[in-house]
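This is what each chain is made of:
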Amino acid sequence: DTAVSQTPKYLVTQMGNDKSIKCEQNLGHDTMYWYKQDSKKFLKIMFSYNNKELIINETVPNRFSPKSPDKAHLNLHINSLELGDSAVYFCASSQVLFLAGANVLTFGAGSRLTVL
Amino acid sequence: ELKVEQNPLFLSMQEGKNYTIYCNYSTTSDRLYWYRQDPGKSLESLFVLLSNGAVKQEGRLMASLDTKARLSTLHITAAVHDLSATYFCAFRIIQGAQKLVFGQGTRLTINP
């Protein structure tokens, strides 16, 4: 069983379209995250949720809207896609908020989004 | 500015050699993480360093942390091909909404 699973793994779409990426974790973790990895491999946090509550919302265009229906799921919806949105989006989870003790982020396999 | 600088960004080395990857971070932190990423795959946690002077070892990899210098190192001993991957370090911001700030990654290629 995959601990953090994302779908789809690949997504190719046209500018202006709306798309969603789904994420589910079966680890019983309280906190989930979305990270964006750009073409230069920089990983930047976009959002984090703790028990369905939004905790971190970095400077991300409001075309990006996360939704957490329960603490095991965090989905990312993107409206009006732009070329610059092309990236790999990683979902992650951690046992507790603020990574107390030796807790780490557990990442999904990533969703590669290509906007044409 | 919150940032992490890894050095080098690209490293090609021969099997059997030793090398060190350096990770400098820009502000006070209490935790430093090392992750490994294989091409097209997820990031896998390698080490969490929790205090100044912490050293952790797993197989041919050893990580250390100097919080005063804001420096962590990942040392590879007698490299083998299986260690080829991209290695990321990240530090935890402890003010405000705590989060991890990642470096750009060091792409390590180990040649037979």
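Our structure's up above, just so we're on the same page.
Here the residue numbers are simple positions, counted from 1 along each chain's written sequence. Naming scheme: in the order in which they are written, chains are lettered from A and ligands are numbered from 1. Only residues with pLDDT of at least 70 get local features here, since the model is predicted, and only at 80 or more are side-chain atom pairs given and counted; chain-wide, interface and lining totals rely on the full set of residues. Each side-chain value is worked out from all heavy atoms of the structure, with water and hydrogens disregarded.

Draft legend 1. Representation of the interface of chain A and chain B within the structure. Should any heavy atoms of two residues lie within 4.5 Å, those residues are considered in contact. Listed as interface residues are 23 residues of chain A and, on the opposing side, 20 residues of chain B. When two parts are brought into contact, each loses some accessible area as probed by a 1.4 Å sphere; the total of that loss over both is the buried area. Buried area between chain A and chain B, both sides added, is near 1,800 Å², and the carbon and sulfur share of it is 59%. For the chain A face of the interface with chain B, the top three residues by lost area are Leu43(A), Phe98(A) and Phe107(A), together amounting to 26%. Salt bridges, as used here, are contacts in which a Lys or Arg side-chain nitrogen is within 4 Å of a carboxyl oxygen on Asp or Glu. Applying the counting rule to chain A against chain B returns one salt bridge. Salt-bridge contacts for Glu58(A) lead to Lys99(B); the nearest nitrogen and oxygen are separated by 2.7 Å. For this analysis, a polar contact is any N or O atom pair within 3.5 Å, provided that within protein one partner can donate a hydrogen and the other can accept it, and provided that sequence-adjacent residues contribute only side-chain to side-chain pairs. Inspection of the chain A/chain B interface yields six residue pairs in polar contact (both at pLDDT 80 or more). Numbering of helices and strands runs from the N terminus, with a helix taken as a DSSP run of H or I at least four residues long and a strand as a DSSP run of E at least two residues long. Taken together, the elements giving at least two residues each to the side of chain A that touches chain B come down to β4 (31-37), β5 (43-50) and β6 (53-57) of chain A.

Draft legend 2. Inspection of the sheet that holds strand β7 (residues 61-66) of chain B at higher detail. All names here are of chain B. Ordered in space as β1-β3-β8-β7-β6, the five strands form an open sheet in which the pairing is antiparallel. Across the chains shown, the open sheet's two edge strands, defined by having one partner strand only, are β1 (4-7) and β6 (55-58). Neighbour to neighbour, the strand axes of the sheet diverge by 15° on average, direction disregarded. The pairing criterion is simple: DSSP has to find at least two bridges between the two strands. Every axis in this analysis is a line fitted to C-alpha atoms, fitted for helices over the stretch in contact. Angles between the N-to-C directions lie between 0 and 180 degrees.

Draft legend 3. Up close: the sheet that holds strand β3 (residues 19-25) of chain A. Residues and elements named next belong to chain A. The strand order across the open sheet formed by four strands is β1-β3-β8-β7, and the pairing between neighbours is antiparallel. Each end of this open sheet is capped by a strand with a single partner; those strands are β1 (4-7) and β7 (64-70). Going from strand to strand, the sheet's axes swing by 15° on average, the running direction of each strand aside. Both β1 and β3 contribute to a ladder of four bridges, which runs antiparallel. When the sheet's bridge partners are listed, serine 5 is paired in β3 with glutamate 24.

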